[in-house]
Amino acid sequence: MPMTAAGFPSLLRDLDCIVVNYLEPDHCTSMVEVLALYPNCQIVSMEKSFMLMHSFGYDIDSHSQLQVQEGDSLSFGRHEVTFIEAPMVHWPEVMVTLDLTDGVLLRQCLRQLQGNRWQALGRRVRLGPGFLR
């Protein structure tokens, strides 16, 4: 049985990539440990997030990095996703990932959207008014 770097049995296959929709430090500190366990893992995020990772001292330079921006799409096998910027929803560089295959919005902190900011984002991704309820 394969072992993790910490000496625990690994029950998971290799992690292909991590999509970082935003990098608030108290939400992402374990990412460094995950990257240490999966040295071949690619990091997918926005330019500002990569800047913050370096600013916070995250050891990411040995990992493949894919910088995405508003409207970019990426295929994960059966799933096609697109990225939508939502800056200052909760943190300066927030983006959301929309799974175009199943219509699932990977939103993280969008519950903090209020009023016009939510309506504007909802129109951009064509979501119904009750999507977050």
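## Concerning the overall build of the protein
For step 1, the next point in the chain: Of the regular secondary structure elements, the protein holds 4 helices and 7 strands.
For step 2, the next point in the chain: When the helices and strands of the protein are placed in sequence order, the string is β-α-α-β-α-β-β-β-β-β-α.
For step 3, the next point in the chain: Relative to its 133 residues, the protein shows a buried fraction of 36%.
For step 4, the next point in the chain: By element, 54% of the accessible surface of the protein is carried by carbon and sulfur atoms, the whole surface being about 8,200 Å².

## Topic: the environment of glutamine 65
For step 1, the next point in the chain: Among the secondary structure elements, glutamine 65 is positioned in strand 3 (residues 65–67).
For step 2, the next point in the chain: Contact partners of glutamine 65, with chain neighbours within four places excluded, come to Gln42, Ile43, Phe50 and Ile60.
For step 3, the next point in the chain: At 3.0 Å, the side chain of glutamine 65 forms a polar contact with the backbone oxygen of isoleucine 60.

## Things to note about helix 3 (residues 47–55)
Counting along an α-helix, one turn takes 3.6 residues, and residues three or four places apart therefore face a common direction.
For step 1, the next point in the chain: Within helix 3, the full set of buried residues consists of Ser49, Phe50, Leu52 and Met53. Down the axis of helix 3, the buried set is contained in an arc of 160°. They therefore lie on one face. Within helix 3, the exposed residues directed more than 90 degrees away from the buried face are Glu47 and Ser55.
For step 2, the next point in the chain: Where helix 3 is buried, its residues contact helix 2 (31–37), strand 2 (42–45) and strand 3.
For step 3, the next point in the chain: Glycine 57, located one to two residues past helix 3, shows a positive phi value of around 80°.

## A few points about the pattern of salt bridges
For step 1, the next point in the chain: On inspection of all chains with the given rule, the structure shows 1 salt bridge.
For step 2, the next point in the chain: Here arginine 78 and aspartate 102 are joined by a salt bridge, their closest N and O atoms 3.2 Å apart. With arginine 78 in the loop between strand 4 (73–76) and strand 5 (79–85) and aspartate 102 in the loop between strand 6 (95–99) and strand 7 (104–106), the pair connects residues that are 24 residues apart, well separated along the chain.
For step 3, the next point in the chain: Since its relative accessible area comes to 57%, arginine 78 is described here as exposed.
For step 4, the next point in the chain: Given a relative accessible area of 43%, aspartate 102 falls into the partly exposed group.

## Overview of the sheet that holds strand 2
For step 1, the next point in the chain: Ordered in space as 1-2-3, the 3 strands form an open sheet in which the pairing is parallel. What marks the edges here is a single partner per strand, and that holds for strand 1 (17–19) and strand 3. When strand polarity is set aside, the average angle formed by the axes of neighbouring strands in this sheet is 15°.
For step 2, the next point in the chain: With 3 bridges joining them, strand 1 and strand 2 adopt parallel strand pairing. When the bridges of strand 2 are listed, isoleucine 18 appears paired with isoleucine 43.

## So, the confidence of the model for the protein
Reading fine detail from the predicted coordinates is not recommended where pLDDT is low.
For step 1, the next point in the chain: Confidence in the prediction for the protein averages 77 pLDDT; 69% of positions are at 70 or higher.
For step 2, the next point in the chain: Low pLDDT, under 50, characterises residues 128–133; the predicted model gives this stretch 7 contacts beyond four residues in sequence or across chains.

Basis of the calculations
- Residues numbered from 1 in each chain as written.
- Predicted model: local features only at pLDDT ≥ 70, side-chain atom pairs only at ≥ 80, totals over all residues.
- Heavy atoms only, no water.
- Helix = DSSP H or I, 4+ residues; strand = E, 2+ residues; numbered from the N terminus.
- Buried < 20%, exposed > 50% of the residue type's maximum accessible area, 1.4 Å probe, protein only.
- Areas by Shrake-Rupley, 256 points an atom, 1.4 Å probe, with all protein chains shown as cover.
- Contact = heavy atoms within 4.5 Å.
- Polar contact = N/O pair within 3.5 Å; in protein donor to acceptor, adjacent residues only side chain to side chain.
- Arc of directions from axis to C-beta.
- Salt bridge = Lys/Arg side-chain N within 4 Å of Asp/Glu carboxyl O.
- Pairing = 2+ DSSP bridges.
- Axes fitted to C-alpha atoms, helices over the stretch in contact; angles between N-to-C directions.
- pLDDT = per-residue confidence, 0-100.

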